[in-house]
Structure formats: C-alpha cells, structure tokens
Amino acid sequence: MSPFKSIKGRALGKLLEGYKSSDIGKGFGSDDGGGAVDEDGTVSKPFTSITNAYSANVSNGMYYFQNSGVNSGIVFQLRFASYDNRGWVETFYSLDNSTSTPWDHFLTYVGGAARPTLTNFNLSGGGLDYSSISGAVVLLGTGFNIVDVAITSKSSKTGNGVDATGQNQQSALPLVAYRDLAGTEAALARQRLADFFEGSATGFSIGGNVGGTPTEDYAAYWSKSGANPTGPFEMHLGYREGNKSTEEFHLADGNNAAGSTFAPNIGWRTGAQSYSQSNLGSWSSSSSGKDAVYTIDSGNVLSIWLSDTL
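Analysis parameters
- Residues numbered from 1 in each chain as written.
- Predicted model: local features only at pLDDT ≥ 70, side-chain atom pairs only at ≥ 80, totals over all residues.
- Heavy atoms only, no water.
- Helix = DSSP H or I, 4+ residues; strand = E, 2+ residues; numbered from the N terminus.
- Buried < 20%, exposed > 50% of the residue type's maximum accessible area, 1.4 Å probe, protein only.
- Contact = heavy atoms within 4.5 Å.
- Areas by Shrake-Rupley, 256 points an atom, 1.4 Å probe, with all protein chains shown as cover.
- Phe/Tyr/Trp six-rings, centres within 6.5 Å; stacked < 30°, edge-to-face > 60°.
- Pairing = 2+ DSSP bridges.
- pLDDT = per-residue confidence, 0-100.
- Core = buried A, V, L, I, M, F, W, Y, C linked by side-chain atoms within 4.5 Å.
- Salt bridge = Lys/Arg side-chain N within 4 Å of Asp/Glu carboxyl O.
- Expected span 1.5 Å × (residues − 1).

## Observations concerning the overall build of the protein chain
Broken down by element type, the protein chain carries five helices and 19 strands. Within the protein chain, the fraction of its 310 residues that count as buried is 54%. Nonlocal contacts in the protein chain, meaning residues at least 24 apart in sequence, comprise 58% of its contacts between residues at least 6 apart. Accessible surface computed for the protein chain: about 11800 Å², of which carbon and sulfur atoms make up 47%.

## Concerning the packing of aromatic side chains
Within a pair of aromatic rings, the relevant descriptors are the distance that separates the centres and the angle that separates the planes. Summed over the entire model, instances satisfying the criterion amount to 15 aromatic pairs. Note on Y63 and F80: the rings are 6.3 Å apart at their centroids and 80° apart in plane angle, and the pair reads as edge-to-face. With Y63 in strand β1 (residues 61-65) and F80 in strand β2 (residues 76-83), this residue pair connects regions lying 17 residues apart in the sequence. Taking the relative accessible area as the measure of exposure, F80 reaches 0% and is therefore buried.

## Quick notes on the sheet that holds strand β18 (residues 278-279)
An order of β13-β12-β15-β16-β17-β18 is seen for the six strands of this open sheet, with the pairing classed as mixed. Strands at the two margins of the open sheet, each flanked by one partner only, are β13 (218-219) and β18. Taken together, the two bridges between strand β12 (residues 205-207) and strand β15 (residues 235-240) define a ladder with antiparallel strand orientation. Within β15, the position partnered with S205 by the bridge is H236.

## Observations regarding the confidence of the model for the protein chain
Taken residue by residue, the protein chain gives an average pLDDT of 90. The fraction at 70 or more is 88%. Segment residues 1-33: pLDDT under 50, and 58 contacts once partners within four positions in sequence are set aside and those in other chains are kept.

## A short note on the nonpolar core
The biggest cluster of nonpolar side chains holds 63 residues, and the ones touching the most others in it are F197 and W222. In terms of residue count, the dominant contributor to this core is helix α5 (residues 186-198) (six residues). One finds A81, Y83, V162 and V176 within the second-largest nonpolar core, a separate group that totals seven residues.

## Overview of the pattern of salt bridges
Taken as a whole and judged by the stated rule, the model has eleven salt bridges. Close ionic contact of K45 with D38 constitutes a salt bridge, the shortest N to O distance being 3.2 Å. E248 is paired through a salt bridge with R240; the nearest N and O atoms lie 3.0 Å apart. For the residue pair E248 and R240, the accessibility class agrees, reading buried in each case. A cluster of three or more residues bridged by salt bridges with shared partners is formed by R240, E241, E248 and R269.

## Looking at the pairing of strand β3 (residues 86-94)
On a regular strand, each side chain points to the face opposite its neighbour's, so the side chains alternate between the two faces of the sheet. The element β3 is extensively covered by neighbouring structure, given that nine of its nine residues are classed as buried. Taken together, the five bridges between β2 and β3 define a ladder with antiparallel strand orientation. Residue pairing across strands places A81 opposite W88, the latter belonging to β3. Hairpin connection of β2 to β3: two residues between the antiparallel strands, including D84 at a positive phi of 60°. Where β3 and strand β19 (residues 301-307) come together, five bridges link them in antiparallel fashion. Within the sheet, the bridge partner assigned to S94 lies in β19 and is L302.

## Some words on the pairing of β19
The buried fraction of β19 amounts to seven of the seven residues, a majority that puts the element mostly inside the structure. Of the two faces of β19, the one holding V301, S303, W305 and S307 and the one holding L302, I304 and L306 are both buried throughout. Taken together, the seven bridges between strand β9 (residues 148-154) and β19 define a ladder with antiparallel strand orientation. For K154, the partnering residue across the bridge sits in β19 and is V301.

## Concerning the side chain of T270
Here T270 lies in the loop between β17 (266-269) and β18. Setting aside residues up to four positions removed in sequence, T270 forms contacts with T99, S100, W103, T246, E247 and S276.

## Comments concerning the environment of Y178
Note on placement: Y178 falls in helix α4 (residues 177-180). For Y178, a relative accessible area of 38% gives the class partly exposed.

## As for α5
Relative to the 18 Å expected for 13 residues at 1.5 Å per residue, α5 spans 18 Å between its end C-alpha atoms, a close match to the ideal helical length. Of all the 13 residues making up α5, eleven are buried; the element is thus mostly covered by neighbouring parts of the structure. For α5, every residue scored as buried is listed here: A186, A189, R190, Q191, R192, L193, A194, D195, F196, F197 and E198. A positive backbone phi angle near 100° is found at G199, which sits one or two residues after α5.

As structure tokens, this is what we get:
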C-alpha cells in the first residue's frame, strides 16, 4: 500500500485551507486568540508558518523556522520572500547541468516503484546548504500546509526573492502554479505539485489528455499569459504518461504539441539526442535543443519556492 494519502482527498482539503489564510499557522508557537504572533524568525522566536513570516512584514532573506516534522523539531533556516501578496520559502535550488542530475541526487524510486519520490539533498543545519556546488533540496512535509509552487531562475544561488534574475525568455518566469496552470484539473495538478515538493506525493505527468492517448495524470498544462507561445507545455517529473522515466524531469517541456516533449524549457533530459539538455528560462516550442544560454549553471540557478497561501 502506498504510504501517501489520497492525492485528490488532500487536494480538496488543502484547497480549502488555501482560502483560509487567516487560520494558517495557528497552533504550535502561535497566538490563537486574535493577538499578534510572537515570532520574528530568530533562533529564540522562529517562525512556525510561512504566513506568520509574511505577517511579520520581514524583508526577503534567511530566517529560522520550526516544525515538529522537520529537522527533528529543531530550528532550521529557510530563505523567505514576499511575492504576489503572500509569503514563500525556497526549498530547492540547482546549478547542476549534468542531464542526469535528478536521478543522481534527489529522486528515488522506492522499492522499484514506477513513480519517484523527492528526497532531502545537501542539508546544512536542517535547511538548504548554499555552499553546495550542485544544489540542495529540503522536504517540509505536511506540517507547513503547502498549497502553491513557484518556479524561477536566479543569477546566484544565494539570491533573494521570487522574481526571476537568471534567464527568462518571454518573461515567463516565475511560473506560479495557482495562476499559470490551466485545464480542467489545474487545481488538482497544482496541489499534486505542492505535495511533490513538500515530499508527501510521488512524481506525476500532466498535459491536456486524461484517459486518452497520451495518458496524463491530470488534464492540466502550463499556459503563460502574455508569452508567445503561451503554451501549452507539459510536466513530467520522472514519470511520463503512465511509465517510469529515468530520462525526463521536465518542469515544463519544450514542445507544445500534445505528447511531444523534446528538450525541456525547464528541467533535465538525459540521452544522446541533440535535445538531451538541462535548461532553465527558455520558453519556446521546438523539436531540437534550446540555445546554450538557457543551460542551468551558477549564473542561471533553478529555484523552487513554496507557499501556504493562495
């Protein structure tokens, strides 16, 4: 039996939580009586939710957080940012352009499963290790009530903020799941993506087709308003259209024809083809490789941010 809860059940519950941002963070270390929460992101007064950090009106940067399900309940640091009128924390960054990076470092197929699980990678004091020459991943688990994901590029691994500072073709970044996923099951796909990056759900595949050919987990896709093309671009996280994939970790694929992927706009693809690349900040549809300027590297760092509010 899978160790994960029903994705659609969790999606419904978390969807409701997302619309009750005033309730998020109540409980451990918070004031449930309507008063101000006595948290400032220091070691002695760590934030116990992302919403609490946003409510404290702190500037973008590193702060201490605490949750019983992370780092054995010991305080740890996260990079916090305010964006889109809510709070975010960075839980994933990579500057590694080896096309096998996901499978080398932060994906595992538990017990030979078809779908991968995200794992902690390069931690320091329970948070991301920013001295890494590859990248780092920290799993927050279910205790932070994550409901949204932002994908962006940074010109430095220690850069602050969600706004893109690395490559950004068509100004497509940041991609924010809540506003940039389209399709009849966009809300379910958004929550599944949030669950994947918090570490409570496995990899999945989305596109415009469910139950047809190609078969996707959700009828959803990236559609970026104002970009040309807007999309649609698919997502295949170590799993593609019903099958295990140790070749594609596409946060956004690179071809807008249904069932075709080629070089990712954002992500990694292994193999010996001309479109086997590691890319970030591209936003184009083609059947070849992307321009080398979009390669993931120390000046074009893939950064993933999570929020507990919609």
